[in-house]
Amino acid sequence: MAIYFNPETKFFYLEGKNISYVFGINRTGFPEHYYFGTRIGRDDLAYTYEANIGDSAEAAVPGKVHAGGLSYNVYRSEISFFGNGEFRECSIQLLQKSGSRLNEFLYETHEILSEKPALAGMPSMRGGETLKLTLKDKLSEMRVHLFYTVYDDVSVICRRMEVENRTDEDVKLLRAYSFVLDVVGSDHDLLTIENAWAREGKPERTPLPHGIVCVDEKSASSTRRHSPAMALIGKHTTEDFGSALGVNLIYSASYTLKAEVGTKGYTRLTGGINDFDFTWELGAGETFATPEAVLAYSAEGIGGMSREYHDAYRKYLINERFVNKPHPLVINSWEAVYFGCTPDRLIPIIDKVRGTGIDTFVLDDGWFGSRRNDRSGLGDWTVSPEVFPDGLKPVIDYVHDAGMKFGIWFEPEMVNPDSDLYRAHPDWAISVPDTTPCVSRRQVVLDITRADVRDYIVEAVSKILRENEIDYVKWDFNRAVTENFSRALPAGKQQEMHHRYALGLYDLCERLVNGFPHIFFEGCAGGGGRFDPAILYYFPQIWASDDTDAYMRTQIQYGTSLFYPLSAISCHTSICPNHQTERTTPFTTRADIAHLGATGYELDTTKITPEELEEIKTQVAEYRDMEDLVLYGDLYRMENTFDSNYFAVTVVSKDKSKAKVTAMRALCRPNDEHKRIFPRGLDADALYEVKNRDYGLCLHLTGAAIMNVGLVLPLKTAEGKMPGDFKTFVFDIRMER
Ligand code: GLA
């Protein structure tokens, strides 16, 4: 049993693989947090309360006297509301008919559920024992339900909140966050992720000052500027050592996550749906559910925290139909021909990769309506007779005859003003009446908060999927939401827009992704503009960035892997000079870096050399041979090109019998240092064979030697030449005994 309640002390103990989460109901009836960290026993933690007694705190421990003052400001909270002496960030605020925003939610009852209740309308983790804690407002009939889910085999705890209006009046939610957690200590560092187009995934580590630091998205797309993720880490925490406490929201629209260092030695983490430009009318009898937050803890550093997330998402989040299975290995038409995807240009590209092991051809943007460039046609999901006079069938048959599967690109949520759809339904685009909507990439966003708009999208996309033998879909989303107004909503509900956008998106996904269960869906958003756990719930892989430059990819994929498993990170080998940076990197380097994820190719194969074409065959075979590591291995990050001239990671199988080390020296320098890298995660006592394909290297070493003595990156090529810039070194490691 993972959840235990002690009726005498009123303490709850929630236990995951290596974690304990403890809180108790204090004398006021308020749920107070005691501990989240490395697994401990079911001790009575009331003794820690003494340290928490402030000038005005109410005591939870018998014998202490209630000072009658500002108690809530020193409580370590499981929920937090404003107006009762709490001055830190609150997790809930309600505007009541009288104008009052005062509530006081106290323990009423609880249930321990072996079946995790589904979260209606939103993705969430599957399974896990769940505690439902019900709190009642002292001042009204409002209820709050706090949900906590733990798992035996991963060190995460899922949290979310439901607000139930049992009064007979409407109330307005001004804020409804998913969780609040007060962590011991006021000297943590905060780890967040900065995103921008073509340079997503940059980790940022900063010491926390007193006050509030937050990441905050207002674009209704989760990773345009930040990620819905942060980690509180110890001052001395590294990749391998020290405490790391992560939070990641299963949400795709506008959110905020906050870290607040208080004055009593605690740091508060809280957040959820962004309450900037958010209100929600909660009618009598209605319930509002927040998205789920996934909290992870590891004492094995940032890397340990990442591995907890990777395991948790592979086991309990990613679509069970596709997780743990080889992903399609694609050739994508975008960087090959961009909008010029005519059969006469595509057929030679397909011919070239025949027999290489590439198993899926993806027809990207440009196949429909008048979409010959980004100016027109978006939203008109009919095959262009101009480009495909005989429909898609001949190309699809050609691809299938070549032994490959067929994939296709959609951008279901968008429309070009120059399109038949927009001309027929200008009011379907998100806009304020009598104003011109803001255009980005020459397109506007469809109002998917509306059921009629969603019905159109589902039918238009389904028709193509029904009428053609399609095995794979790339679902794009190339701009942010603006105007934030739905013509279908009354004035009082306009600030519900962004959350309703998320709910509309999940409805579309339910109907399209789950409506075509044989099709493999990839998520995309102008590169990595919407890379979050909710998207991952539907899409087993997500295009991480429009930047396919191998050097940039070492950074983008490094940062993305902080929270997401390698199998979720879509990575392609492209042509050089690279289209985004004009940088030239070796062909092998591009493939080696693209092999640290769900791999594929995105280039005009008619323009590569016969040697490169031969290399593709070897690369595909090597990838398939080690793909199990990408699918369910443990990732250890060793070096990154943010901090050094090197990139290095180890990916190890769970049983430690097999590993791959990928390293890169970014810039080649004459007379360079004798660089060693130190792989991680091996069995110290086992004997391994270590091979490097380029150098004909074959060593027999113990795991202990590999990890502690390290592996040497050669200074020259096997032919004795200077290796040039961006040279990768891949070590294939197999256990001998
Ligand atoms: C976005 C995607 C690209 C490509 C184009 C097509 O930018 O990230 O991969 O699909 O759209 O317009």
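Every chain is numbered independently, its residues counted from 1 as its sequence is written. The model is predicted, so local features are restricted to residues of pLDDT at least 70 and side-chain atom pairs to those at 80 or more, both for listing and for counting; the totals for chains, interfaces and linings are taken over all residues. As a convention, hydrogens and water are excluded, and side-chain values are obtained from all of the structure's heavy atoms.

(A) Representation of the overall build of the protein in the model. Comment: elements are numbered from the N terminus, with helices defined as DSSP H or I runs of at least four residues and strands as E runs of at least two. Within the protein one finds 12 helices and 38 strands. Against the 2.2 N^0.38 benchmark of 27 Å for 737 residues, the protein shows a C-alpha radius of gyration of 27 Å, consistent with a compact globule. Along the first, second and third principal axes, the C-alpha set of the protein runs to 80 × 70 × 40 Å. In what follows, residue pairs with any heavy atoms lying within 4.5 Å of each other are defined as contacts. The contacts in the protein between residues at least 6 apart in sequence include a share of 69% that link residues at least 24 apart. Values of accessible area rely on a 1.4 Å probe in the Shrake-Rupley scheme; residue burial ignores everything except the protein chains shown. Carbon and sulfur atoms form 52% of the exposed surface of the protein, whose accessible area is close to 26000 Å². It is over C-alpha atoms that the radius of gyration is taken, and the globule rule equals 2.2 Å times the number of residues to the power 0.38.

(B) Seen up close, the side chain of arginine 159. You can see arginine 159 is positioned in strand 9 (residues 156-164). Here a polar contact is recorded for every N or O atom pair within 3.5 Å, except that within protein the pair must consist of a potential hydrogen donor and a potential acceptor, and residues adjacent in sequence are included only if both atoms are side-chain atoms. Of the polar contacts made by the side chain of arginine 159, one reaches the backbone oxygen of valine 180; its length is 2.8 Å. Setting aside chain neighbours within four positions, we find arginine 159 in contact with Tyr21, Glu78, Phe147, Tyr148, Ser178, Phe179, Val180, Leu181, Pro291, Glu292 and Ala293.

(C) The arrangement of the packing of helix 10 (residues 587-594) against helix 11 (residues 610-632) in detail. Between helix 10 and helix 11, the least distance of the axes is 11 Å, while the angle of their chain directions is 25 degrees. One element, helix 10, and the other, helix 11, form an angle in the roughly parallel class. Every pair of crossing elements has a handedness; the one defined by helix 10 and helix 11 is right-handed. Between helix 10, through Phe587, Thr588 and Ala591, and helix 11, the contact on the second element is made entirely by Glu612, Glu615, Ile616 and Gln619. Charged residues are taken to be Asp, Glu, Lys and Arg, nonpolar residues to be Ala, Val, Leu, Ile, Met, Phe, Trp, Tyr, Cys and Pro, and polar residues to be all remaining types, Gly included. Partitioning the contact of helix 10 with helix 11 into residue classes produces three nonpolar, two polar and two charged. Every axis in this analysis is a line fitted to C-alpha atoms, fitted for helices over the stretch in contact. Angles between the N-to-C directions lie between 0 and 180 degrees. For classification, angles of less than 35 degrees are called roughly parallel, those exceeding 145 degrees roughly antiparallel, those between 65 and 115 degrees roughly perpendicular, and all remaining angles oblique. Helix crossings are classified by the rotation of the near helix relative to the far one: an anticlockwise turn of less than a right angle makes the crossing left-handed, while a clockwise turn makes it right-handed.

(D) Spatial organisation of the domain arrangement of the protein. All the domain ranges listed were derived from an automatic or database domain assignment. What the domain assignment lists for the protein is domain 1 (3-316), domain 2 (330-631) and domain 3 (639-735). Once you take the C-alpha centre of each, domain 1 and domain 2 turn out to be 35 Å apart. At the interface, 47 residues of domain 1 touch 48 residues of domain 2. Across the interface of domain 1 and domain 2, roughly 3800 Å² is buried in total on both sides, 58% from carbon and sulfur atoms. Once two parts are brought into contact, the accessible area they lose, counted with a 1.4 Å probe and summed over both, makes up the buried area.

(E) Up close: the nonpolar core. Here the nonpolar core consists of buried residues drawn from Ala, Val, Leu, Ile, Met, Phe, Trp, Tyr and Cys, with membership extended through side-chain atoms lying within 4.5 Å. Under the scheme applied here, a residue whose accessible area is under 20% of the maximum for its type counts as buried, over 50% as exposed, and between as partly exposed, the area being computed with a 1.4 Å probe on protein chains only. One finds Leu14, Ile79, Met125, Leu363, Trp367 and Ile408 to be the most contacted residues of the largest nonpolar core, which totals 198 residues. Not counting residues within four places of it along the chain, the set of residues in contact with isoleucine 408 comprises Val362, Leu363, Trp367, Leu392, Ile464, Ile470, Tyr472, Val473 and Lys474. Core analysis: the next-biggest nonpolar cluster, separate from the first, contains 20 residues, Ala648, Leu682, Ile706 and Ile733 among them.

(F) A look at the pairing of strand 8 (residues 143-150). When you tally the buried positions in strand 8, you get eight out of eight residues, the bulk of the element. On strand 8, burial covers both faces: Arg143, His145, Phe147 and Thr149 on one face and Val144, Leu146, Tyr148 and Val150 on the other are all buried. A pair of strands is treated as paired once DSSP finds two or more bridges between them. Looking at chain direction, strand 7 (residues 129-137) and strand 8 are connected through eight bridges and run antiparallel. Bridge pairing in strand 8 places lysine 132 opposite phenylalanine 147. Counted along the chain from strand 7 to the antiparallel partner strand 8, the turn is five residues long. In sequence, strand 8 turns back onto strand 9 through a hairpin of five residues.

(G) The arrangement of the side chain of arginine 268 in detail. Here arginine 268 lies in strand 17 (residues 266-273). Within polar-contact distance, the side chain of arginine 268 engages the side chain of serine 80 at 3.0 Å. At 3.2 Å, the side chain of arginine 268 forms a polar contact with the side chain of glutamate 86. Not counting chain neighbours up to four residues away, the residues in contact with arginine 268 comprise Tyr75, Ser77, Ser80, Glu86, Arg88, Glu89, Val180, Leu181, Asp182, Lys258, Ala259 and Glu260.

(H) The arrangement of the site of the ligand in detail. Near the ligand you find 13 residues, and of these Asp364, Asp365, Lys474, Gly527 and Asp546 are the closest. For the ligand, an oxygen atom lies 3.2 Å from a polar atom in the side chain of asparagine 478. One of the backbone N or O atoms of glycine 527 is found 2.9 Å from an oxygen atom in the ligand. Bound to the protein, the ligand loses 97% of the 310 Å² it would expose on its own. Whether a residue is near a molecule or strand is decided by its heavy atoms; if any one of them lies within 4 Å of it, the residue is near.

(I) Spatial organisation of the sheet that holds strand 27 (residues 520-523). Here we have eight strands rolled up into a closed barrel, ordered 21-22-23-26-27-28-29-30, and parallel in their pairing. The mean inter-strand angle of the sheet, taken between neighbouring strand axes irrespective of direction, is 30 degrees. Where strand 21 (residues 330-332) and strand 22 (residues 360-363) come together, three bridges link them in parallel fashion. Note that in strand 22 the partner of valine 330 across the bridge is threonine 360. In the packing of helix 4 (residues 393-401) onto the sheet, the strands contacted are strand 22 and strand 23 (405-410), and the crossing angle to strand 23 comes to about 140 degrees.

(J) Representation of the sheet that holds strand 33 (residues 658-665) within the structure. Strand order in the open sheet formed by six strands is 31-32-33-38-35-36, with antiparallel pairing between adjacent strands. Strands at the two margins of the open sheet, each flanked by one partner only, are strand 31 (634-639) and strand 36 (697-702). Each strand axis lies, on average, 20 degrees off the axis of its neighbour in the sheet, ignoring direction. In terms of strand pairing, strand 32 (residues 646-652) meets strand 33 through seven bridges, oriented antiparallel. When the sheet's bridge partners are listed, valine 651 is paired in strand 33 with lysine 660. Lying over the sheet, helix 11 contacts strand 31, strand 32, strand 33 and strand 38 (727-735), oriented at roughly 90 degrees with respect to strand 33.

(K) Representation of the confidence of the model for the protein. One number per residue, pLDDT, summarises how confident the predictor is, and it ranges from 0 to 100. Confidence along the protein averages 95 in pLDDT terms, with 97% of residues attaining 70 or more. In the predicted structure, residues 54-68 sits below a pLDDT of 50 and forms 37 contacts with residues beyond four places in sequence or in another chain.

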